[in-house]
Amino acid sequence: MVSTHTTLYLRVSEAKELLAKDFNGKSDPYCVIKVDNVVIARTATVYKTLDPLWGEEFILHMPSGFQILSFYIYDADKVSSGDDIIGVASVTRDYMYENKNPKGLETWLPLQKANKDLEIQGEMLLEYGIRTSEATGQSYVFVTVMEGRDLAAKDKTGYSDPYVTVTCFDETKATSKQKKTRFPEWNETLEFLLPEDTCIADLSVIVTVWDKDNFSSDDFMGQIHLDSEDVTHGTIRNWHAVARRPTSDRWARRASRVDRGKIRVKLQLLEEIVLPSSCYRPLNELLAEAVKSQDLGHLIWDMIEQDRTIELGAIAMALVRFYLSQELIFEFLDAVIVRDIAKTEDVNTLFRGNTLGTKAVDNFMKVLAMPYLQKVLKPTVDRIINEKKTVELDPCKVNSVRGRRHSLHRESEESFVNHSLEALEDYTCEIINSIVGSITYCPQVLRRVLKNIQVRVREKWPEEMFEDVPYIAVSSFIFLRFFAPAVMSPKLFSVSDQHPNLKVIRTFTLLAKIVQSIGNLIPGSLGKEVWMEPLLPLISQKITEVKDYLDLLVDVGEFSAAHRYLVRQQSNETVLIQGHLYKCHYHCKRLFRPIVLKKCYFYLTRVMLCYRKTPEDEDTMVMVENICAVEKLDYGALGKSNMGQIIHKTSDESTAIIYFQAKDVNELTAWISAIRKTCKYNVCRVETFHPGVFKGDKWNCCRREQDIAPGCSPTYHGVVLGDWQDPLDPDVDAQIIYSQIAHSKDKIRKMQHDLRMSLAGNDPSKCTNHRDVNDAAMASLSLVSGLLDVTEQLAMSHQTFVESSPRLSHSLRSRSVSSSVSGDDSLY
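Since we're looking at a predicted model, the values are computed, not measured.

Reading guide: rules and limits
- Residues numbered from 1 in each chain as written.
- Predicted model: local features only at pLDDT ≥ 70, side-chain atom pairs only at ≥ 80, totals over all residues.
- Heavy atoms only, no water.
- Helix = DSSP H or I, 4+ residues; strand = E, 2+ residues; numbered from the N terminus.
- Buried < 20%, exposed > 50% of the residue type's maximum accessible area, 1.4 Å probe, protein only.
- Contact = heavy atoms within 4.5 Å.
- 1 Å grid on protein atoms, 1.4 Å probe; cavity = no way out; pocket = protein on both sides within 12 Å on 5 of 7 lines; lining within 4 Å.
- Points joined across faces, edges and corners; volume = space filled by probe spheres on them.
- Nonpolar A, V, L, I, M, F, W, Y, C, P; charged D, E, K, R; others polar.
- pLDDT = per-residue confidence, 0-100.
- Core = buried A, V, L, I, M, F, W, Y, C linked by side-chain atoms within 4.5 Å.
- Domains from an automatic or database assignment.
- Axes fitted to C-alpha atoms, helices over the stretch in contact; angles between N-to-C directions.
- Left-handed = near helix turned anticlockwise from the far one by under 90°.
- Pairing = 2+ DSSP bridges.
- Phe/Tyr/Trp six-rings, centres within 6.5 Å; stacked < 30°, edge-to-face > 60°.
- Lys NZ or Arg CZ within 6 Å of the ring centre and 35° of its normal.
- Parallel < 35°, antiparallel > 145°, perpendicular 65-115°, else oblique.

This next bit is on the overall build of the chain. In terms of helices and strands, the chain carries 21 helices and 28 strands. For the chain, buried positions account for 50% of its 828 residues. Residue pairs in contact within the chain that sit at least 24 positions apart in sequence constitute 71% of those at least 6 positions apart.

Written as structure tokens, this is what we have:
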């Protein structure tokens with residue numbers, strides 16, 4: 001089966017020169033991220049500033065047909081009824097696709113005034129065509145408006161009152177209005193007489209969806225354009241995504257009069273057409289051979305590193321996940337580490353740069369050891385966030401930090417520094433003690449990989465003068481690339497589910513510097529930060545403890561077949577996500593009973609979803625294999641935000657629904673994404689669901705009157721957050737690797753041509769060792785030719801499948817027409 005896999009790597013960095021919304025001349029800005037007007041995530045709120053710094057990263061697995069990515073900047077307001085919107089910036093899918101960059105597209109986007117006409121989403125099911133009346137012989141263009149799904153909510157109730165107008169030959173006709181729904185059904189046919197002198201090539205039909213308002217002008221909800229290629233003789237039935245209409249120049253000029261500021265984002269869109277598994281077998285065999293043959297491996301790794309079209313970290317992750325699925329991860333990591341060591345001349349630069357080898361080990365640790373990292377650091381991180389201590393050692397910053405304290409007796413600088421020093425020493429001891437005492441929790445496979453790194457380094461530098469280099473090599477990964485970054489940014493490593501405030505961020509920054517100094521294993525190495533000198537005794541003491549920890553860490557047996565199985569399967573007992581949610585007790589027949597939300601502790605493994613009200617209660621379990629769907633619930637369903645539902649099979653094979661509420665959209669999206677990943681291949685999975693509830697005698701989403709009525713919205717069509725717990729998918733990863741190799745196809749052909757010419761030009765009479773030269777050239781030619789054959793074979797498979805799929809062919813052709821997606825020249 002052919003599918004489209006779309007991933008967006010997104011970083012919301014900062015904003016500047018925002019509009020002031022508060023009386024103090026500042027704002028409390030945060031950013032909401034929407035995909036086709038559906039809220040996916042939001043950043044933290046940065047208080048009292050017009051130049052907020054967020055620095056938050058997201059990996060989004062996008063639906064293949066998404067159109068617009070939008071960034072809405074709001075001013076948080078705790079007093080008034082709602083937050084004020086500062087501005088919005090939007091980017092189309094085609095713009096991201098056409099501006100691909102190996103380092104990602106990083107740009108400042110100007111904020112525009114929010115326009116409700118641009119907030120569209122959903123699809124319409126239409127039947128249309130041209131038919132001729134047998135009685136009169138006249139031809140008619142007809143459009144049957146059947147139903148809509150997932151339309152935008154335009155009213156405060158969370159629903160809309162949609163109706164449809166159809167314009168053809170300067171004549172407009174309308175359907176009836178449907179009340180309070182985002183999933184309307186009409187089944188109404190509108191006909192337009194086809195004039196005899198009309199040129200069919202000029203035919204244009206505009207279908208517009210509106211929300212009926214009694215006390216103001218009707219809200220625009222979307223538009224569909226049909227032309228002569230769509231409307232032909234006969235009947236065609238299709239779902240169409242509703243699109244934006246062109247923005248008038250007048251509105252654009254009016255919106256641009258006020259400078260609302262800018263937002264800086266980094267985007268990298270990776271869109272791949274994934275073929276059936278059988279098509280990737282030759283590539284799989286070639287990649288398996290690459291970890292055994294040094295020459296073939298170097299050929300592929302060099303090509304990927306030099307001529308890639310995506311970030312190095314993304315291709316490294318694809319390779320790690322691919323070799324995990326093939327149970328060859330140890331061989332792959334060994335091959336790329338040996339390659340890095342061979343290229344290193346100065347031992348002081350070992351593993352300090354970003355290479356394919358270092359990035360591969362980085363991503364391997366994230367995939368395999370995130371639960372270990374969380375177990376080690378989470379207690380201390382939570383303590384630091386809760387205590388909210390103000391600490392500072394830098395004399396250039398001490399006075400400004402002290403000045404923020406409101407007290408009759410201002411603390412002296414010396415006293416403040418001493419208290420900061422005590423707090424940092426306490427936190428550092430707790431972090432290092434947790435690390436050095438965690439040997440038994442560290443995954444065996446990671447320990448074996450680190451041991452192999454140490455062995456390979458000793459092979460390159462066996463002399464006594466380099467006796468500390470094997471320690472530094474292991475510490476470069478486990479400390480400098482794993483523990484220290486997680487201390488610096490606990491949210492990015494899922495160690496914390498909340499964003500710390502500015503003074504806690506400074507605490508984490510100082511602690512990360514200390515952990516990094518300890519991880520360098522060089523006492524007294526503080527660089528330019530001499531104000532950290534009071535910590536030198538503690539750093540020296542902890543370096544000794546860390547060396548003992550590193551000795552124990554690599555004291556592990558050989559890499560066995562059992563370890564290979566554990567690498568791929570991981571432990572079924574690993575907790576993928578956990579935390580408190582509010583479980584909703586809702587019964588459709590109890591109309592006058594208030595909705596009760598009770599706080600429960602939920603946790604998810606690869607086998608089961610469990611929850612309990614109190615620590616003393618027994619777990620209520622839902623087996624993952626029985627989960628049919630997990631989706632968001634409309635606000636209008638129960639009148640509450642951030643609601644989700646888990647549809648599952650019970651022991652008697654009936655269907656039940658668990659309604660739950662998260663504290664914010666980030667937590668809701670994280671839970672839905674995590675559960676979706678575990679049940680992605682379930683046999684009991686359903687294709688549709690109701691985003692509303694059965695209330696009274698009907699579903700309040702689609703107004704159907706049977707409680708067993710099929711769902712009105714397709715399941716699994718939204719955005720999923722990507723992270724370490726993504727299930728392995730070797731076909732997707734093989735396609736990503738192929739795309740990078742195919743990008744160098746011309747270079748491979750040139751190498752093949754040069755080797756052939758070299759072999760043809762060798763003169764045995766002028767070359768004493770011509771046989772050895774010829775043998776080496778023949779071996780290289782064989783490798784290059786084999787790589788080229790596999791690449792061209794996959795290219796032909798892509799061409800065959802794309803041409804046989806009208807949907808994929810149309811998608812590829814439409815990428816070049818950015819304006820047709822949005823109809824708005826102001827969008828990027």
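Moving on from the coordinates now.
A complete count under the given rule lists 5 cavities of 30 Å³ or more for this structure. Looking at the second largest cavity, the residues that line it are Lys34, Asp36, Asn37, Ile68, Ser70, Tyr72, Leu118, Glu119, Ile120 and Arg244. For the lining of the second largest cavity, the leading source of residues is strand 5 (residues 68–75), giving 3 residues. Tallied by class, residues from the lining of the second largest cavity come to 4 nonpolar, 2 polar and 4 charged.

Before going further, it helps to spend a moment on the confidence of the model for the chain. For the chain, mean pLDDT is 86; residues scoring 70 or higher make up 89% of the total. Every residue in residues 813–826 is under pLDDT 50, and counting partners more than four places away or in other chains gives 24 contacts.

The next subject is the nonpolar core. Residues Trp301, Tyr323, Phe332, Ile478 and Phe483 are the most contacted members of the largest nonpolar core, which totals 148 residues. Sorting elements by how many residues they give to this core places helix 7 (residues 356–387) first, with 16 residues. Taken domain by domain, this core gets at least three of its residues from each of domain 3 (366–402 + 413–570) and domain 4 (575–722). Leu60, Phe66, Ala89 and Leu721 belong to the second-largest nonpolar core, a separate cluster that totals 31 residues.

The next point concerns the packing of helix 6 (residues 329–343) against helix 7. The geometry of a pair of packed helices is captured by two quantities: the angle between their axes and the separation between those axes. Where helix 6 contacts helix 7, the two axes come as close as 8 Å, and the packing angle between them is 145°. Considering only the axes of helix 6 and helix 7, their crossing is left-handed. Contact residues: Ile329, Phe332, Leu333, Val336, Ile337, Arg339 and Asp340 in helix 6; Leu356, Gly357, Thr358, Ala360, Val361 and Phe364 in helix 7. A per-class count over the contact of helix 6 with helix 7 returns 9 nonpolar, 2 polar and 2 charged.

With that out of the way, let us pick up the layout of surface pockets. Taken as a whole, the second largest pocket holds about 780 Å³ of empty space. Lining the second largest pocket are 30 residues; nearest its centre among them are Thr655, Ala656, Ile657, Tyr659 and Trp699. At the level of secondary structure, the elements contributing two or more residues to the lining of the second largest pocket comprise strand 17 (577–585), strand 22 (643–649), strand 23 (655–661) and strand 24 (688–689). Broken down by element, the residue count for the lining of the second largest pocket peaks at 5 residues, all from strand 23. The residue makeup of the lining of the second largest pocket, split by class, is 18 nonpolar, 8 polar and 4 charged.

Here the focus is the pairing of strand 21 (residues 627–632). Here strand 21 lies mainly inside the structure; 5 of its 6 residues are buried. Judged from the 5 bridges that link them, strand 21 and strand 22 form a sheet pairing that is antiparallel. Bridging from a neighbouring strand, isoleucine 627 pairs with histidine 648 of strand 22.

Within a regular beta strand, the side chains point alternately toward one face of the sheet and then the other, so they alternate between its two faces. Note: strand 18 (residues 596–604) against strand 19 (residues 608–612), 4 bridges, orientation antiparallel. Bridge pairing in strand 19 links tyrosine 603 to cysteine 610. Between the antiparallel neighbours strand 18 and strand 19 lie 3 residues.

To continue, consider the packing of aromatic side chains. Applying the stated criterion to the full structure yields 15 aromatic pairs. Ring centres of tryptophan 210 and phenylalanine 220 lie 5.9 Å apart, and the angle between their planes is 80°; this geometry places the pair in the edge-to-face category. Of this pair, tryptophan 210 sits in strand 13 (residues 204–211) while phenylalanine 220 sits in strand 14 (residues 219–227), and the two are 10 residues apart along the sequence. Residue classification places phenylalanine 220 among the buried residues on the basis of a relative accessible area of 1%. Between phenylalanine 482 and phenylalanine 483, the aromatic rings sit 5.8 Å apart at their centres with planes inclined by 50°, giving tilted as the arrangement. By relative accessible area, phenylalanine 482 is classed as buried at 0%. The rings of Tyr372, Phe479, Phe482, Phe483 and Tyr549 are connected pair by pair, giving a single aromatic cluster. Over the aromatic face of tyrosine 441 sits the side chain of lysine 375, whose NZ or CZ is 4.7 Å from the ring centroid. Here the basic side chain of lysine 547 rests over the ring of tyrosine 471, its NZ or CZ set 5.7 Å away from the ring centre.

Time to look at the packing of helix 3 (residues 281–290) against helix 17 (residues 730–742). Across the interface, helix 3 lies against helix 17 with an axial gap of 11 Å and an inter-helix angle of 80°. By the angle between their axes, helix 3 is roughly perpendicular relative to helix 17. Between helix 3 and helix 17, the residues in contact are Leu283, Asn284 and Leu287 and Ala734, Ile737, Tyr738 and Ile741, respectively. Its residues assigned to classes, the contact of helix 3 with helix 17 shows 6 nonpolar, 1 polar and no charged.

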